[in-house]
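# Results of the structural survey
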Amino acid sequence: MGSLFRSEEMALYQLFLQSEAAYACVSELGELGLVQFRDLNPDVNAFQRKFVNEVRRCDEMERKLRYLEKEIKKDNIPMQDTGESPEAPQPREMIDLEATFEKLENELREVNQNAEALKRNYLELTELKHILRKTQVFFDEQDGRLTTTTESMTRALVTDEVRTVHYLGPVQLGFVAGVILREKLPAFERMLWRACRGNVFLRQAMIESHLEDPSSGDQVHKSVFIIFFQGDQLKIRVKKICEGFRATLYPCPEAPTDRREMAMGVMTRIEDLNTVLGQTEDHRRRVLVAAAKNLKNWFVKVRKIKAIYHTLNLFNLDVTQKCLIAECWVPALDIETIHLALRRGTERSGSSVPPILNRMQTYENPPTYNRTNKFTKAFQALIDAYGVATYREMNPAPYTIITFPFLFAVMFGDLGHGAVMALFGLWMIRKEKGLAAQKTDSEIWNIFFGGRYIIFLMGVFSMYTGLIYNDIFSKSLNIFGSHWQITYNKSTVISNKFLQLNPETTDYTDTPYPFGMDPIWQVAGANKIIFQNAYKMKISIILGVIHMIFGVIMSYYNHTYFKNRLSLIYEFIPQMVFLLFLFFYMVLLMFIKWNRYSAKNYGRYSASCAPSILITFIDMVLFNTPKPVPEPCEVYMFGGQHFFQTIFVLVALACIPVMLLAKPLNIMKQRRQGNVQPIAAGSTSDVEVGMSNGQISQGVDHHEEEEISEIFIHQGIHTIEYVLGSVSHTASYLRLWALSLAHAQLAEVLWNMVLSNGLKKENWFGGIILTVVFAAWAVLTIGILVLMEGLSAFLHTLRLHWVEFQSKFYQGKGYAFQPFSFESIVENSSSSSQTEGE
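Analysis parameters
- Residues numbered from 1 in each chain as written.
- Predicted model: local features only at pLDDT ≥ 70, side-chain atom pairs only at ≥ 80, totals over all residues.
- Heavy atoms only, no water.
- Core = buried A, V, L, I, M, F, W, Y, C linked by side-chain atoms within 4.5 Å.
- Buried < 20%, exposed > 50% of the residue type's maximum accessible area, 1.4 Å probe, protein only.
- Helix = DSSP H or I, 4+ residues; strand = E, 2+ residues; numbered from the N terminus.
- Contact = heavy atoms within 4.5 Å.
- Axes fitted to C-alpha atoms, helices over the stretch in contact; angles between N-to-C directions.
- Parallel < 35°, antiparallel > 145°, perpendicular 65-115°, else oblique.
- Left-handed = near helix turned anticlockwise from the far one by under 90°.
- Nonpolar A, V, L, I, M, F, W, Y, C, P; charged D, E, K, R; others polar.
- Disulfide = S-S within 2.5 Å.
- Pairing = 2+ DSSP bridges.
- UniProt positions renumbered as here; feature names shortened; annotations may be inferred.
- Domains from an automatic or database assignment.
- Patch = residues over 30% accessible without salt bridge, like charges linked within 9 Å, V, L, I, M, F, W, Y side chains within 5 Å.
- Areas by Shrake-Rupley, 256 points an atom, 1.4 Å probe, with all protein chains shown as cover.
- Salt bridge = Lys/Arg side-chain N within 4 Å of Asp/Glu carboxyl O.
- Phe/Tyr/Trp six-rings, centres within 6.5 Å; stacked < 30°, edge-to-face > 60°.
- Lys NZ or Arg CZ within 6 Å of the ring centre and 35° of its normal.
- pLDDT = per-residue confidence, 0-100.

Moving on, we get to the nonpolar core. Judged by nonpolar contacts, the single largest core of 57 residues is most densely connected at Leu-582 and Phe-583. In terms of residue count, the dominant contributor to this core is helix 16 (residues 565-596) (11 residues). Aside from chain neighbours lying at most four places away, what touches Phe-583 is Val-545, Phe-578, Phe-617, Ser-726, Val-727 and Thr-730. In terms of nonpolar packing, the next biggest core, distinct from the first, is built from 52 residues, Ala-21, Leu-295, Val-302 and Ile-335 among them.

Structure representation (structure tokens):
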């Protein structure tokens, strides 16, 4: 079978590279993304490896690029992203890149420092301008030229009583002026009052405009203050308090003419600073715009260089120090492609010594590699979330493409809701290039977008099952016309809240509806749920048994591929017989009952004579004699049923000791004869493929053999799990019926309790009410029935595949193939850097 149904065949190779050509060859392999290297120096510290200095240089270049990126984002400059991935630079180009990054960083830091110094100077001059302007008002008040104060916030701190300004007239006072943060002003006033005992006079006024902090760039609010005092001791005390509150003091002349001259000089300097600051910002922006054009490519180049040297640190040096030795896992089908990549790398480096690639024989389990495309990737991710497949075992993903959306649709069957889901998935598929280019960090959106094909298929299958159920937003479609001929008069409809359909009467035409359910069941409120429950319950059991049988059949292909004769004879055959003779027989009884018994036949095959499938199955397993039934009914559905049921149960019971003991006893017998292959350690099935023609052993552990007691224990656990699981797993598929019923009833409740209220209103007022009610109904339908119910059905479908289906054949004990790939490394690095930035 192809790689779609099994993982790729892998081979372990030893690679010999000349030191001069190693970088270029690894670069070509990174672009290819098909080689997984092994660490040949597991005991060597990361700081003691050969290329640790080159890795440090790359780390330093990444630090500088992150600094540039931070500054670019601060100025909201768009960074160009062509979507192309440049090739990894040659080692000699690292020096040019380092010089470029060093020059940009130094230039940007110098510009930032100059800008910060200019902004600090500008802030000081702006504060001085406000001080000169505000203190002029204070001095004018002191001289008595202003009879009323123009400032809103003034306070005297001389005594407990507020004194007038005329008190200060004959006294020669000193003063200091400055600015302080507005939020510190109340505490500043209290401290002055207490420390100076009320012997100072404080005037303050707010600065209306915002000021910019040159260090952080934040907008701050400040106030101007002037403090009058008498004596040097108070002066020293006031200055210490100002220093403690980080208030900035500025010189303020006493003479009005000096203040005016200083104010004119300050305004001139502010204008000059504005010009210089504008030129500085323009230069800074030009530097950042030039860097933004190449920043994405620079990041990719540096990450590729770093990844190459990290990979080279996994290699070994030979004794001559001229050759690097590597070991790598390679898909067998891609050997020629890898040879061509190595040849290109050798030619690029100018080396004359070609690389050597030798296949190695090993008993180690190879990694599991399943090729995927954008369609199968999401389905493979569902399987790998349970566990990565054991090497070369059957891959459930191809079958999950059909079974997963179908089982989901059985629970979610509604033509309207399925159409909403399908349209959403189709929109993401049609716009996938643009949506993928956005690279959002929203985890929920990325999950939806990654599963766009799953969502689309789930919606399409739900539309199909919705047609089968004849259910669209809890209503039915009358496509082919009803096959019931019923005439209800007005009094019957009004007097009966629930109407009932009776197939025994002549109302039914004895011809089934062409596709799905007859729409007449929509009005049968009395027995609609009873009919649908019986139908969906049996369908869920039928689908579940078929799904489990298919899982057991998958185990047959595993046993035959690995030539596991013991598991094939003593596990697969009894498992299949046990499942067929008990549970598939129950499914056959359902079809026999549907085909043989009719509501209109008055005799042994009438509906009243039809035996219960559940009671029949219980009597069969317990060997009970069915209770007699009145004439003309019969206990059994067909002749010889009791004999066949007895044989089926006895054969099924006989399969249990075969599954439990046959395989361990045969292994013990073969070991005594000295003719047995080693057993896979920790596995419930012995993998007996040895080394042949230099091929890798599939999942075989040749280092030690499993103890016979552990084999008996494992086989016992496996048998008990299968026998009991066959019962519980069959019952577990009833969730298909239960969730389908819940979904249909919830949709009907939303229709009857929400939308129908708007449809009952008349005139123009009814139109307004209907608009509001429809909006509420649509929101509840999308939020509850599509999203919440869809998520619930998705999780139940996932459980049916992981537990009920895959447990029959899938071990999931492998480990994923993780090739050295530039594409994945760059994507992971980009996403992590975005997360750190946020």
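So, next bit.
As a further point, take the packing of helix 15 (residues 528-561) against helix 16. Interaxial distance between helix 15 and helix 16 falls to 10 Å at its minimum, and their mutual angle equals 160°. The angle between helix 15 and helix 16 places the two elements in the roughly antiparallel class. Here helix 15 and helix 16 pass one another in a crossing that is left-handed. Class assignment of the residues belonging to the contact of helix 15 with helix 16 gives a composition of 21 nonpolar, five polar and two charged.

All told, the structure shown has one disulfide when counted by the stated rule. Here Cys-609 connects covalently by a disulfide to Cys-633, the sulfurs 1.7 Å from one another. Torsion about the S-S bond of the Cys-609 and Cys-633 cystine: about -55°, corresponding to left-handed handedness. One end of the pair, Cys-609, is in the loop between helix 16 and helix 17 (613-622); the other, Cys-633, is in the loop between helix 17 and helix 18 (641-673), with 24 residues separating them in the sequence. As far as burial versus exposure is concerned, Cys-609 and Cys-633 are alike and both buried.

Among the eight residues that make up strand 7 (residues 222-229), eight are buried, leaving the element largely enclosed by the rest of the structure. The alternating pattern of strand 7 places Lys-222, Val-224, Ile-226 and Phe-228 and Ser-223, Phe-225, Ile-227 and Phe-229 on opposite faces, both of which are buried. Where strand 3 (residues 174-181) and strand 7 come together, eight bridges link them in antiparallel fashion. If you follow Phe-175 over to strand 7, its bridge partner there is Phe-228. In the sheet, strand 4 (residues 201-206) pairs with strand 7 via six bridges, with the strands oriented antiparallel. Each residue of the ladder has a partner; that of Ala-205, found in strand 7, is Val-224.

Turning to the UniProt feature "transmembrane region" (unreviewed entry) in the chain, a few remarks are in order. UniProt's entry tags residues 401-429, 449-469, 539-557, 572-592, 604-623, 643-662 and 764-788 with the feature "transmembrane region" (unreviewed entry), counted in the numbering of this structure. Helix makes up 100% of residues 643-662 and strand 0%, and the two end C-alpha atoms of the span are 28 Å apart. The span residues 764-788 is 100% helical and 0% strand by assignment, and the distance between its end C-alpha atoms comes to 35 Å.

Per the domain assignment, the segments of the chain are domain 1 (10-95 + 288-359), domain 2 (112-145 + 172-278) and domain 3 (375-479 + 515-671 + 712-808). Distance between the C-alpha centres of domain 2 and domain 3: 79 Å.

This part covers a nonpolar patch on the surface. Nonpolar side chains collect at one region of the surface, where Phe-424, Trp-427, Ile-444, Phe-448, Leu-780, Ile-782, Ile-784, Leu-787 and Met-788 lie side by side and expose about 800 Å² of accessible area between them. Looking at the nonpolar patch, the elements with two or more residues in it are helix 10 (415-430), helix 12 (443-450) and helix 21 (763-805). Ranked by residue count, the leading element in the nonpolar patch is helix 21, at five residues. With respect to the helices, strands and loops of the structure, Leu-787 is situated in helix 21.

On the secondary structure map, Leu-277 appears in helix 6 (residues 256-312). Judged by relative accessible area, which is 11%, Leu-277 ranks as buried. A C-alpha to C-alpha distance of 6.8 Å links Leu-277 and Leu-118, two positions 159 residues apart in sequence. When residues no more than four places from it in sequence are discounted, the contact partners of Leu-277 are Ala-115, Leu-118, Lys-119 and Tyr-122.

Of the consecutive residues Glu-631 and Pro-632, the connecting peptide bond is found in the cis state with omega at 0°. Tracing the backbone through its elements, the reader meets Pro-632 in the loop between helix 17 and helix 18. Phi angles above zero are rare outside glycine, and Arg-197 is one such case at about 55°. Despite not being glycine, Arg-392 shows a phi value in the positive range, around 70°. With respect to the secondary-structure elements, Arg-392 resides in the loop between helix 8 (376-386) and helix 9 (397-412).

A few words on the pattern of salt bridges. Oppositely charged side chains are able to pair whenever their charged atoms sit close together. Counted according to the given criterion, the structure contains 31 salt bridges. Between Lys-528 and Glu-748 there is a salt bridge, with the nearest N and O atoms lying 3.8 Å from each other. Taken together, the residues span a long stretch of sequence, with Lys-528 in helix 15 and Glu-748 in helix 20 (residues 735-759) at a distance of 220 residues. Among the residues examined, Glu-748 registers a relative accessible area of 24% and is labelled partly exposed. Beyond isolated ion pairs, a larger network of salt bridges with shared partners links Asp-59, Glu-62, Arg-303 and Lys-306.

As a further point, take the sheet that holds strand 3. In a beta sheet, neighbouring strands pair by backbone hydrogen bonds and run either parallel or antiparallel. The antiparallel open sheet is built from four strands, whose spatial order is 4-7-3-8. Either end of the sheet is taken by a strand with one partner, and the two such strands are strand 4 and strand 8 (248-250). Averaged over all neighbouring strand pairs, the angle between strand axes comes to 25°, with direction disregarded. Of the strands in this sheet, strand 3, strand 7 and strand 8 touch helix 5 (residues 232-244), which is tilted by about 165° from strand 7.

Time to look at the packing of helix 2 (residues 52-74) against helix 6. Interhelical geometry of helix 2 versus helix 6 gives an angle of 150° and a closest axis separation of 9 Å. With respect to helix 6, the axis of helix 2 lies roughly antiparallel. Note on packing geometry: the crossing formed by helix 2 with helix 6 is left-handed. Broken down by class, the residue content of the contact of helix 2 with helix 6 amounts to 15 nonpolar, one polar and 10 charged.

Within this structure, the stated rule accounts for 47 aromatic pairs. Taking the centre distance of 5.8 Å and the plane angle of 45° together, the rings of Tyr-386 and Trp-802 count as tilted. Remark: Trp-802 occurs in helix 21 and Tyr-386 occurs in helix 8; sequence separation between them is 416 residues. Given the relative accessible area of 37%, Tyr-386 is considered partly exposed. Aromatic rings pair up to connect Phe-5, Tyr-386, Tyr-399, Phe-550, Trp-802, Phe-805, Phe-809 and Tyr-810 into one cluster. Lying over the aromatic face of Tyr-561, Arg-6 brings its terminal NZ or CZ to 4.1 Å of the ring centre. One cation-aromatic arrangement involves Lys-536 over Tyr-469; the distance from NZ or CZ to the ring centre is 4.2 Å.

Moving on: the confidence of the model for the chain. Looking at the chain as a whole, its pLDDT mean stands at 85, while 90% of the residues score no less than 70. Low pLDDT (under 50) marks residues 677-704, which in the prediction has 82 contacts with non-local residues, meaning those over four places away or in another chain.

So, on to the environment of Tyr-13. If you trace the backbone, Tyr-13 turns up in strand 1 (residues 10-18). Using a relative accessible area of 10% as the deciding quantity, one classes Tyr-13 as buried. Expressed as a C-alpha distance, the spacing of Tyr-13 and Asn-595, which sit 582 residues apart in the sequence, is 62 Å. Non-local contacts of Tyr-13, meaning those with residues more than four positions away in its chain, are made with Ala-326, Glu-327, Cys-328, Val-330, Ile-335, Leu-357, Asn-358, Arg-359 and Met-360.

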